[in-house]
Amino acid sequence: MTSYVRRAAAVTAGALALTLGLAVPALAHVTVNPGSAVQGSWTKIAFRVPNERDNASTTKVEVEFPTDHPLPFVSVRPVPGWDVKLTRGKLPKPVVSDSGDTITESVLKITWSGGKIESGQFQEFEASVGPLPKNVDALAFPTVQTYSNDEVVKWADAPKADGSEPEHPAPTLKLVAAEEGEDDHDGAASASPAAAPTVAAAAADDDDDEGGNTTPALVLGGIGLVAGLVGAGAGITALRRSRG
């Protein structure tokens with residue numbers, strides 16, 4: 001029985017190691033959290049930036065905002081130790097908003113610099129944005145990550161045609177339709193800038209449910225399974241010795 005438990009534990013541990021090996025690259029991606037928001041709403045988004053290098057720290061993060069579906073209002077939350085700059089400018093071509101207004105200028109980029117994300121750490125850079133477009137399924141935010149050794153990584157790849165994930169995917173916010181009975185003034189769909197902080201708090205609470213990565217939970221579950229099997233084996237061994 002003990003040998004069976006040991007074999008089962010070894011197989012589970014091997015599967016867990018394989019899962020960890022496959023999960024590490026995905027965990028290292030720059031992402032938008034939460035991963036989804038309601039069309040036409042105001043929301044808070046956080047650009048989660050992990051440091052992937054063992055020999056360098058992240059010193060600058062530049063996030064490009066969409067120009068085909070510009071966001072009329074953008075504000076940022078200060079990050080201790082970091083300087084932030086909103087770059088506004090003319091759009092490549094005027095865009096008519098959902099309300100019928102013609103937009104010619106918007107936020108083109110946000111740059112955070114002056115701080116450090118050390119190896120094995122991550123930082124979240126938050127912004128309150130809105131109103132989100134109503135007839136769009138997703139917004140991409142190409143991001144440039146600069147390291148202290150002058151290495152530059154561009155997170156700007158579009159999804160592949162076969163559905164697989166590219167090497168450096170652009171952080172993307174998925175937009176979902178409002179539920180039946182919900183309008184622009186319900187829940188996270190407030191249309192006024194004054195309501196943005198409240199919306200931001202709600203979005204933060206929903207982080208793990210809507211945009212969080214479930215891989216850590218799966219990993220912890222696998223570790224718990226391994227520990228349980230090993231513990232069961234030890235208990236069986238002790239019982240047999242006491243009977244002998």
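This text follows the structure it describes.
All values derive from a computational prediction rather than experimental measurement.

Section: the pairing of strand 4 (residues 58–64)
Regular strands place side chains that alternate from one sheet face to the opposite one.
Here is step 1: As defined by bridge partners, strand 4 adjoins strand 7 (residues 102–117) across six bridges and the pair is classed as antiparallel. Within strand 7, the residue paired with valine 61 across the bridge is tryptophan 112.
Here is step 2: Relative to strand 10 (residues 143–147), strand 4 runs antiparallel, the two being bridged by five bridges. Paired with glutamate 62 across the two strands is valine 144, which belongs to strand 10.

Quick look at the nonpolar core
Here is step 1: Phe65, Trp112 and Phe141 are the most contacted members of the largest nonpolar core, which has 30 residues in total.
Here is step 2: Mapped by element, the contributors of at least two residues to this core are strand 3 (43–50), strand 4, strand 7, strand 8 (122–130), strand 11 (152–155) and strand 12 (172–176).
Here is step 3: With four residues, the single largest contributor to this core is strand 7.
Here is step 4: Residues in contact with tryptophan 112, not counting those within four places in the same chain, are Phe47, Thr59, Lys60, Val61, Val63, Val76, Val79, Trp82, Asp83, Val84, Phe125 and Glu126.

Describing the sheet that holds strand 4
Here is step 1: Pairing in this open sheet of five strands is antiparallel, and the strands run 6-7-4-10-11 from one edge to the other. Looking at the sheet topology across the chains shown, the edges are occupied by strand 6 (83–96) and strand 11. Direction aside, the axes of adjacent strands within the sheet are offset by 15° on average.
Here is step 2: Here strand 10 pairs with strand 11 via four bridges, running antiparallel. Paired with threonine 143 across the two strands is tryptophan 155, which belongs to strand 11.

Thresholds, definitions, all that
- Residues numbered from 1 in each chain as written.
- Predicted model: local features only at pLDDT ≥ 70, side-chain atom pairs only at ≥ 80, totals over all residues.
- Heavy atoms only, no water.
- Pairing = 2+ DSSP bridges.
- Helix = DSSP H or I, 4+ residues; strand = E, 2+ residues; numbered from the N terminus.
- Core = buried A, V, L, I, M, F, W, Y, C linked by side-chain atoms within 4.5 Å.
- Buried < 20%, exposed > 50% of the residue type's maximum accessible area, 1.4 Å probe, protein only.
- Contact = heavy atoms within 4.5 Å.
- Axes fitted to C-alpha atoms, helices over the stretch in contact; angles between N-to-C directions.

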